Amino acid sequence: MNEVDFLLWVRGPGLAIASIIFVLGMTVKMFEIFMLGRKKNLAELRGSGIKEGFRTIITRSGHVDTYSTRNTRFTHIAGWVFHIGLFTAIFLLAPHIEVFKSIVGFAWPALPTPIIDFATVIAMITMLAMLFHRITNPVLKYLSTGQDFVVWALTFLPLLTGYMAYHHLFFSYTLVLGLHILSVCLLLVFFPFTKLTHAVTLFFARWYNGMMAGEKGVQQ
Amino acid sequence: MADDRTLAEMLRAQGITRRGFLKFCATTASMMALSPAMVPKIAAALENARRPSVIWLSFQECTGCTESLTRSHSPTIEKLIFDVISLDHHHTLMAASGEAVDEALNEAMEENFGKYILIVDGSIPVGNPAYSTVSGISNLDMLKHAAEGAAAIVSVGTCAAYGGLPYASPNPTGAASVEDIIKDKPIINVPGCPPIPVVITGVLAQFLTFGKIPELDSLGRPMAFYGQNIHDRCYRRPFYERGQFAETFDDEGAKKGWCLFKLGCKGPITYNACATTKWNEGTSWPVESGHGCLGCSQPNFWDMGGFYRALSMPTVDLANKAGIGLAAGAAIGVAAGALNRGKKAKAVREHETVTVDDLEKGA
């Protein structure tokens, strides 16, 4: 298999297999979560839980409580910076938008490549800093499992190979583009079975939190 | 055929001045990315080179490679250089026909055994050899026979180099490339559909100059001509960086000459000299004429998921695959969810309640 065959495989069958596993895994996971059900709230409702649920999805992200985050400031800031960089790279690069267009049927405007490049570098630097923080901070180190490092690598590799592809580093573009898509395939395959699912479950979890608080009449 | 004159003598006989000859050597040197100091060496090597025998075999091909070569604007010095190469056998170009052709081939092979350059264009039908034969001889047998005495083989065109169009899915003839079949000879791939004329002659000049095959990339192509990426050398590259793309072939973007990536340009994965050498004596090249690069110097360019599909797009219908995943996931999910609920209900049922009295009894 030469590099062209490799690229063709990851763009075609490889990506198809990864996508099926990703969607299948996520669907199973969602059914499992929702079918567990919740205990019935027997107390009298003191407010709209539904409205508060949706409100919390947004407010929980925007709210920065300087007191309770005083010991985790680095994680908060780095988390924000990394996620913004990651989303910029994934969703605002023209070739990526073409991929989404081929799936959903519509496109949106792209950003110039130097901005994407900058966002990618920022995301990678932040990830390295967070990895360093994880292995040097005693509490984080104690809490970390093997999966945390696997998930870190799965997220880091698409950024790294994407950067290498754009700058034509080390190998031919054909090979690096193949590696880049392969790294995304790996991310998709492991996504439903690791804590990467937080990208989806985060919204449900927040909604439930908000709903429960809303039904109890918690004042915001 | 047996002509012992050197190339320099041949060229002078054809009215090529020393100045013109050196100009060609300088052009060749710059194309091969060699220092100007190499120009006299190239000139000396070429001047003293004996007229090498070249055997050109055409298999499953469209004759486009030969057309490319012969339609180089006449008279170019490259063409003359090619004329003075002893092209002893060429299915399409030779005047002879019938048995005389076979004789010419055998004669050239015997006379120059171990020294001739074998040029092949077209792929070889291995699945069913009957798809392409010459004088009743299968392409496979003819290639094996001719390769025996070859000093080196030059696979001209993507068909000979990687299978090309005949190799395209579902490959009805079982087409194979030269390097798939011949393993014991140095092979230079000069892919392209067709290759740039000056690249074909350049590779031959390089071989004559240095007497050995040039530095090749991982796909067997001379680095001198295939070391550059089309996307990197494309004059439309700044539009890619700015995110300015032609969305259709007749929109404002297309008129302004914006990047053709979204229209399926394969420039980013293509290695060839088009963007710098250009075609028709440097007149233009595909991207300059408003069409994306097809990636014709790459293996499997015909099966790259469509000429007009952006390179980053998957070659399969992912929405359809997602549907399959969703349906299967829903079925498995409902089953798993029901199983979990069953477990939960069982746990609730089997949960033994304990009263304060029970605890006191135990104490």
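Residues numbered from 1 in each chain as written. Chains lettered and ligands numbered in written order. Predicted model: local features only at pLDDT ≥ 70, side-chain atom pairs only at ≥ 80, totals over all residues. Heavy atoms only, no water.

## Focus on the overall build of chain A
- For chain A, the count of helices and strands is 9 helices and 0 strands.
- Each helix (α) and strand (β) of chain A, taken in turn from the N terminus, gives the series α-α-α-α-α-α-α-α-α.
- Based on the C-alpha atoms only, the size of chain A along its principal axes is roughly 65 × 35 × 35 Å.
- When burial is assessed residue by residue, chain A has 37% of its 220 residues classed as buried.
- Taking the intrachain contacts of chain A between residues at least 6 apart in sequence as the baseline, contacts between residues at least 24 apart amount to 73%.
- By element, 72% of the accessible surface of chain A is carried by carbon and sulfur atoms, the whole surface being about 12,700 Å². (Helix = DSSP H or I, 4+ residues; strand = E, 2+ residues; numbered from the N terminus. Buried < 20%, exposed > 50% of the residue type's maximum accessible area, 1.4 Å probe, protein only. Contact = heavy atoms within 4.5 Å. Areas by Shrake-Rupley, 256 points an atom, 1.4 Å probe, with all protein chains shown as cover.)

## Comments concerning the overall build of chain B
- Helix and strand counts for chain B stand at 18 helices and 9 strands.
- For chain B, the C-alpha radius of gyration of 30 Å lies well beyond 21 Å, the compact-globule estimate for 363 residues.
- Principal-axis analysis of the C-alpha atoms gives chain B an extent of 120 × 50 × 45 Å.
- For chain B, restricting intrachain contacts to residue pairs at least 6 apart in sequence, the fraction spanning at least 24 positions comes to 74%.
- Carbon and sulfur atoms make up 55% of the accessible area of chain B, which amounts to about 16,900 Å² in all.
- Taking the 33 positively charged and 38 negatively charged side chains of chain B as two groups, their mean positions are separated by 8 Å. (Rg over C-alpha atoms; globule rule 2.2 N^0.38 Å. Lys, Arg positive; Asp, Glu negative; His and termini not counted. Charge placed at Lys NZ, Arg CZ, Asp CG, Glu CD.)

## A word on the interface of chain B and chain A
- Taken together, the contacts link 45 residues of chain B with 36 residues of chain A.
- Of the roughly 3,700 Å² buried between chain B and chain A on both sides combined, carbon and sulfur atoms contribute 66%.
- When residues of chain B are sorted by the area they lose upon contact with chain A, Glu241, Met313 and Leu318 of chain B head the list and together hold 13% of the total.
- Remark: the boundary between chain B and chain A carries 1 salt bridge.
- Of the charged contacts in the structure, one is a salt bridge between Lys262 of chain B and Glu98 of chain A, with a shortest N-O distance of 3.9 Å.
- In this structure, the connection of chain B to chain A is made through 10 residue pairs in polar contact (both at pLDDT 80 or more).
- Listing elements by their share of the side of chain B that touches chain A, those giving two or more residues are helix H14 (237–242) and helix H17 (318–350) of chain B.
- For the side of chain B that touches chain A, a count of residues per class yields 24 nonpolar, 11 polar and 10 charged. (Buried area = accessible area lost by both parts, 1.4 Å probe. Salt bridge = Lys/Arg side-chain N within 4 Å of Asp/Glu carboxyl O. Polar contact = N/O pair within 3.5 Å; in protein donor to acceptor, adjacent residues only side chain to side chain. Nonpolar A, V, L, I, M, F, W, Y, C, P; charged D, E, K, R; others polar.)

## As for the nonpolar core
Residues and elements named next belong to chain B.
- Ile119, Val154, Val190, Val199 and Trp285 are the most contacted members of the largest nonpolar core, which has 33 residues in total.
- Residue assignment for this core shows that the elements contributing at least two residues are strand E1 (53–58), helix H4 (64–70), strand E3 (116–121), strand E7 (150–156), strand E9 (187–190), helix H11 (197–210), helix H12 (223–226) and helix H16 (274–277).
- In this structure, this core is formed jointly by two domains, domain 1 (7–225) and domain 2 (230–303), each of which donates at least three residues.
- Apart from the residues lying within four places of it in its own chain, the contact partners of Val199 are Val190, Phe225, Tyr226 and Ala273.
- With 31 residues, the next largest nonpolar core counts Ala161, Leu219, Phe261 and Met304 among its residues. (Core = buried A, V, L, I, M, F, W, Y, C linked by side-chain atoms within 4.5 Å. Domains from an automatic or database assignment.)

## Thoughts on a nonpolar patch on the surface
- Taken together, the side chains of Met1, Trp9 and Ile17 of chain A present a nonpolar region at the surface, about 370 Å² in accessible area.
- Tracing the sequence through the fold places Ile17 of chain A in helix H1 (residues 3–35). (Patch = residues over 30% accessible without salt bridge, like charges linked within 9 Å, V, L, I, M, F, W, Y side chains within 5 Å.)

## A few points about the confidence of the model for chain A
- Per-residue confidence for chain A gives a mean pLDDT of 86; residues scoring 70 or more make up 98%.
- For chain A, per-element mean pLDDT is lowest for helix H2 (residues 49–62) of chain A, which scores 78, and highest for helix H5 (residues 113–136) of chain A, which scores 92. (pLDDT = per-residue confidence, 0-100.)

## Description of H17 of chain B
- The terminal C-alpha atoms of H17 of chain B, which comprises 33 residues, lie 46 Å apart, in line with the 48 Å expected from a rise of 1.5 Å per residue.
- Residues of H17 of chain B that are buried include every one of Leu318, Gly325, Gly329, Gly333, Ala336 and Gly337 of chain B, and no others.
- Check the buried side of H17 of chain B and you find it contacts H1 and helix H4 (94–104) of chain A. (Expected span 1.5 Å × (residues − 1).)

## Structural notes on H2 of chain A
All names here are of chain A.
- A rise of 1.5 Å per residue sets the reference length of H2, with its 14 residues, at 20 Å; its end C-alpha atoms lie 20 Å apart and thus fit the reference within 8%.
- Taking the largest bend as the criterion, H2 deviates by roughly 35 degrees, centred on Thr56.
- If you follow the buried residues of H2, they end up packed against helix H9 (198–215). (Bend = angle between axes of the 7 residues up to and from the residue.)

## A look at the pairing of E1 of chain B
Residues and elements named next belong to chain B.
- With respect to burial, E1 is a largely interior element, 6 of its 6 residues being buried.
- Residue alternation in E1 divides its side chains into two sets, Ser53, Ile55 and Leu57 and Val54, Trp56 and Ser58, and both sets are buried.
- Pairing geometry for E1 and E3, over 5 bridges, is parallel. Paired with Ser58 across the two strands is Asp121, which belongs to E3. (Pairing = 2+ DSSP bridges.)

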